[in-house]
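What the coordinates show
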Amino acid sequence: MALYLLYETSSGYSLFQAGGLDEIGQNTEAVRNSVSDLNRFGKVVQLTAFLPFESALDALNQINSVSEGIMTDELRNFLELNLPKVKEGKKAKFSLGVAEPKIGSHIFEVTKIPCQSNDFVHEILRGVRLHFERFIKDLKVCIPTNPYFSFFKAFLLSVFVKYAYHNFIPLTSNPLIQPGDLEKAQLGLGHSYSRAKVKFNVNRVDNMVIQAIFLLDTLDKDVNSFAMRVREWYSWHFPELAKIVNDNYLYAKLAKFIDDKSKLSEDKLSELTDLLGDEDKAKEVIEAAKASMGQDLSPIDLINVQQFAQRVMDLSEYRKKLHEYLITKMNDIAPNLASLIGEMVGARLISHAGSLTNLAKCPSSTLQILGAEKALFRALKTRGNTPKYGLIFHSSFIGRASARNKGRMARYLANKCSIASRIDCFSENGTTVFGEKLREQVEERLDFYDKGVAPRKNIDVMKDAIERAENKDTDMETEEAPAVPSAKKSKKKKSKSDAAENGDLMAEDKPAVNGGASEDAKSEKKKKKDKRKLEQEQQADENSNYTNGAHAEEDGLSKKKKKKSKVQDGEVLQDASDMKKKRKKSKGEE
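Below: a short report on this structure. Note that the structure is predicted; figures quoted are calculated from it, not measured.

Let us now look at the pattern of salt bridges. For the coordinates displayed, the defined rule picks out 13 salt bridges. Residue aspartate 217 pairs with arginine 348 through a salt bridge whose shortest N-O separation is 2.7 Å. Of this pair, aspartate 217 sits in helix α11 (residues 206-235) while arginine 348 is found in helix α18 (residues 343-353), placing the two residues 131 residues apart along the sequence. A relative accessible area of 23% places aspartate 217 in the partly exposed class. When salt bridges that share partners are traced, they join Lys437, Glu440, Glu444, Arg456 and Asp464 into one network.

Next comes the structure, spelled out in structure tokens:
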């Protein structure tokens, strides 16, 4: 069976044919030794075809596709043109050796070309990489490293390379091609490939969260161990202080402030109360210093204790600042996940997954046991019970759930965390609306497990969240847009108020004659308007009377009839009441 080799370079795709090889009889060690010798290797491996890249951008796109295991259209056409055709219903009499198994499987799925990737193929490709400059002569033409490389120069080079290739002219005879061009092309493509992989938004760098949470965990361990060392060291001098003060940060502050216990007196009571926040504790510290059983320390030892206590204080303060930085960073990168499960637990999930994108790609079942991999594999080996939760156990929701519902709550919370992480990863606008709604759903599920209250449907909650997010966006746009018109309106109002004030002042300054004339003119205009209104009303009344005259007579008759009926009803009622009274009297006499 013939073996073809696909080799991807910074300048293009190349196809080699390896003849006279027996894969079964060959040993990888023997192949490794024979690869270094060009005379032996050149007889076996020969270049059959070469496809140069059109530009540096094309080279970057092709290599990105190869790294992701995707066959491009150019590569497919190149292989179909240069490889033997396989008839339908028959097996291929050749195989294609590739370096990456992913792209080999994709090539086989699309073109049905059998591919292989093993140690034998890798060793032959290593030899191709070692002697590639000897195999190909048109390297410079394939990908010009200079962006201002002219088309005419490339055309001349291509003509020369074809002539040199067919007439076996050595590469060094070309005056335009210089040694080291292959390395330059590889270096340029490597830089552009790395830049394309590292492209990110500066405000959404999850790597900062990963580093911050790792540093926070190490700081917690270090601060605790250093604080215990301060306690042990200063307890030789003042052992009673460790029982009075339990907080490590406060103990380090007091150790730095007190220094020598023999110098502690009631004059420092106010300063001690400021540090401790309690006057009784301050008095207790002063009394304990007077009757302390500790030994005296030299001034040099006390200076070292003070310096170490100051370092512990600085570390604990830096730990607080780092915690605030992590909270702000999580609100920028994953606001929904932070509002759902908390900043610390969310940051630990991201760091354990490797990135926010990896966490978003994880299914909820994987996210549920993230951090409990050892227990999972131990349970699979021993065929025991698998763990119900991993890092999400530190969430308050699972702690609030009952013992029988902890597994259910962990599964439901993992589902909501996966939704929140996907929204944070793939949404362009950062908002906490979805995280708040998901948190409400988890709270409702807790009430459902404890009290039996039916929760809302997920569709209704998500519709409400989408509406709220859209309203927030529109509110932001409206707040930014009408800033200038509001200023104009305020200016108009100010001008009107100023004009009114000026008008009042002018009216006061004007003589009485002009004021009277103006008032008479206004009164005459008002009288004319009133007359017009009265005339219009009279006309409307006449028309209404003309149209509704007959109806008015009928209404009057109906009213009279109603009054008569009411009077008659009243008389009937009175007669009935009189009859009842007479019956009662007659019964009383009997």
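Quick look at the sheet that holds strand β5 (residues 115-116) now. Taken together, the 5 strands give an open sheet; going across it, the order is β3-β2-β1-β4-β5, and neighbouring strands pair in mixed fashion. Each edge of the open sheet is held by one strand with a lone partner, namely β3 (45-52) and β5. Helix α6 (residues 119-130) contacts β1 (2-8), β2 (12-18), β3, β4 (94-97) and β5 of the sheet and is inclined by roughly 55° relative to β1.

As a further point, take a negative patch on the surface. On the surface, a cluster of negative charge is contributed by Asp278, Asp280, Glu284 and Glu287. By the secondary structure assignment, aspartate 280 is in helix α15 (residues 279-290). Assessed through its relative accessible area of 56%, aspartate 280 is described here as exposed.

Attention shifts here to the layout of surface pockets. What the second largest pocket holds in volume is close to 350 Å³. Tyr7, Glu8, Thr9, Ser10 and Ile63 are, among the 15 residues lining the second largest pocket, the residues nearest its centre. With 4 residues, helix α10 (residues 181-197) is the largest single contributor of residues to the lining of the second largest pocket. Within the lining of the second largest pocket, the residues separate by chemical class into 8 nonpolar, 5 polar and 2 charged.

The backbone phi angle of lysine 112 is positive, close to 60°, even though this residue is not glycine. By the secondary structure assignment, lysine 112 is in the loop between α5 (101-111) and β5. Here arginine 383, not a glycine, exhibits a phi torsion of approximately 60°, which is positive. Within the secondary structure, arginine 383 is located in the loop between α21 (373-382) and α22 (396-400). Here arginine 383 falls in the exposed class, since its relative accessible area comes to 78%.

This part takes up the packing of aromatic side chains. For the structure on display, the rule yields 7 aromatic pairs. Here the aromatic rings of tyrosine 234 and tyrosine 251 are separated by 6.4 Å at their centres, their planes lie at 80°, and the arrangement is edge-to-face. With a gap of 17 residues between them, tyrosine 234 in helix α11 and tyrosine 251 in helix α13 (residues 248-258) connect regions that are remote in the sequence. Overall, tyrosine 234 belongs to the buried group, its relative accessible area being 0%. What makes tyrosine 251 buried here is its relative accessible area of 1%. Feature note: the residues Phe226, Trp233 and Phe308 constitute an aromatic cluster, connected by ring pairs. When the ring centre of tyrosine 251 is taken as reference, the NZ or CZ atom of arginine 231 above it lies at 4.6 Å. Here the basic side chain of lysine 268 rests over the ring of phenylalanine 257, its NZ or CZ set 5.8 Å away from the ring centre.

The biggest cluster of nonpolar side chains holds 48 residues, and the ones touching the most others in it are Leu326 and Ile392. Setting aside chain neighbours within four positions, we find isoleucine 392 in contact with Ile341, Val345, Leu349, Leu367, Gln368, Ile398, Ala410, Leu413 and Ala414. Counting 27 residues, the second largest nonpolar core, distinct from the first, contains Leu241, Leu254, Ala289 and Val312.

Side chains three or four residues apart in an α-helix point the same way, a direct result of the helix having 3.6 residues per turn. Its 35 residues give helix α16 (residues 299-333) an end-to-end C-alpha distance of 51 Å, which sits within 8% of 51 Å, the value for a rise of 1.5 Å per residue. All of the buried residues in α16 are Leu302, Val305, Ala309, Val312, Met313, Ser316, Leu322, Leu326, Lys329, Met330 and Ile333. Where α16 is buried, its residues contact α11, α13, α17 (335-341), α18, α19 (356-361) and α23 (406-426).

Take the side chain of threonine 111 next. Within the secondary structure layout, threonine 111 lies in helix α5. On the basis of relative accessible area, threonine 111 is assigned to the buried category, the value being 18%. Here isoleucine 107 takes part through its backbone oxygen, which lies 2.6 Å from a polar atom of the side chain of threonine 111. Setting aside anything within four residues of it in sequence, one finds threonine 111 in contact with Met71, Arg76 and Glu80.

Before going further, it helps to examine the pairing of β4. Looking along a regular strand, one sees the side chains alternate between the two faces of the sheet. Residues Phe94 and Leu96 point to one face of β4 and Ser95 and Gly97 to the other, with burial holding for every one of them. Relative to β4, β1 runs parallel, the two being bridged by 4 bridges. Its bridge partner lying in β4, leucine 5 is registered against glycine 97. In this sheet, β5 lies alongside β4 in parallel orientation, the contact comprising 2 bridges. Its bridge partner being in β5, leucine 96 is matched across the sheet by cysteine 115.

Listed as buried for helix α14 (residues 269-276) are Leu269, Leu272, Thr273 and Leu276. Down the axis of α14, the smallest arc covering the buried residues is 100°, so these residues share one side. Its buried side turned inward, α14 meets α13 and α15. Immediately downstream of α14, the backbone of glycine 277 shows phi near 80°, a positive value.

Let us now look at the pairing of β1. Of all 7 residues that make up β1, 6 are buried, and the element is covered over most of its length. Hairpin connection between β1 and β2: a loop of 3 residues separates the two successive antiparallel strands.

For the rest of this paragraph, the subject is the packing of α11 against α13. The interhelical angle for the contact between α11 and α13, taken along N-to-C directions, is 40°, at an axis separation of 10 Å. Comparing their axes, α13 and α11 come out oblique. For the crossing formed where α11 meets α13, the hand is left-handed. Here Asn224, Ala227, Val230, Arg231, Tyr234 and Ser235 of α11 come into contact with α13, specifically with Asn248, Tyr251, Ala255 and Ile258.

Definitions and limits used
- Residues numbered from 1 in each chain as written.
- Predicted model: local features only at pLDDT ≥ 70, side-chain atom pairs only at ≥ 80, totals over all residues.
- Heavy atoms only, no water.
- Salt bridge = Lys/Arg side-chain N within 4 Å of Asp/Glu carboxyl O.
- Helix = DSSP H or I, 4+ residues; strand = E, 2+ residues; numbered from the N terminus.
- Buried < 20%, exposed > 50% of the residue type's maximum accessible area, 1.4 Å probe, protein only.
- Pairing = 2+ DSSP bridges.
- Contact = heavy atoms within 4.5 Å.
- Axes fitted to C-alpha atoms, helices over the stretch in contact; angles between N-to-C directions.
- Patch = residues over 30% accessible without salt bridge, like charges linked within 9 Å, V, L, I, M, F, W, Y side chains within 5 Å.
- Areas by Shrake-Rupley, 256 points an atom, 1.4 Å probe, with all protein chains shown as cover.
- Lys, Arg positive; Asp, Glu negative; His and termini not counted.
- Charge placed at Lys NZ, Arg CZ, Asp CG, Glu CD.
- 1 Å grid on protein atoms, 1.4 Å probe; cavity = no way out; pocket = protein on both sides within 12 Å on 5 of 7 lines; lining within 4 Å.
- Points joined across faces, edges and corners; volume = space filled by probe spheres on them.
- Nonpolar A, V, L, I, M, F, W, Y, C, P; charged D, E, K, R; others polar.
- Phe/Tyr/Trp six-rings, centres within 6.5 Å; stacked < 30°, edge-to-face > 60°.
- Lys NZ or Arg CZ within 6 Å of the ring centre and 35° of its normal.
- Core = buried A, V, L, I, M, F, W, Y, C linked by side-chain atoms within 4.5 Å.
- Expected span 1.5 Å × (residues − 1).
- Polar contact = N/O pair within 3.5 Å; in protein donor to acceptor, adjacent residues only side chain to side chain.
- Arc of directions from axis to C-beta.
- Parallel < 35°, antiparallel > 145°, perpendicular 65-115°, else oblique.
- Left-handed = near helix turned anticlockwise from the far one by under 90°.

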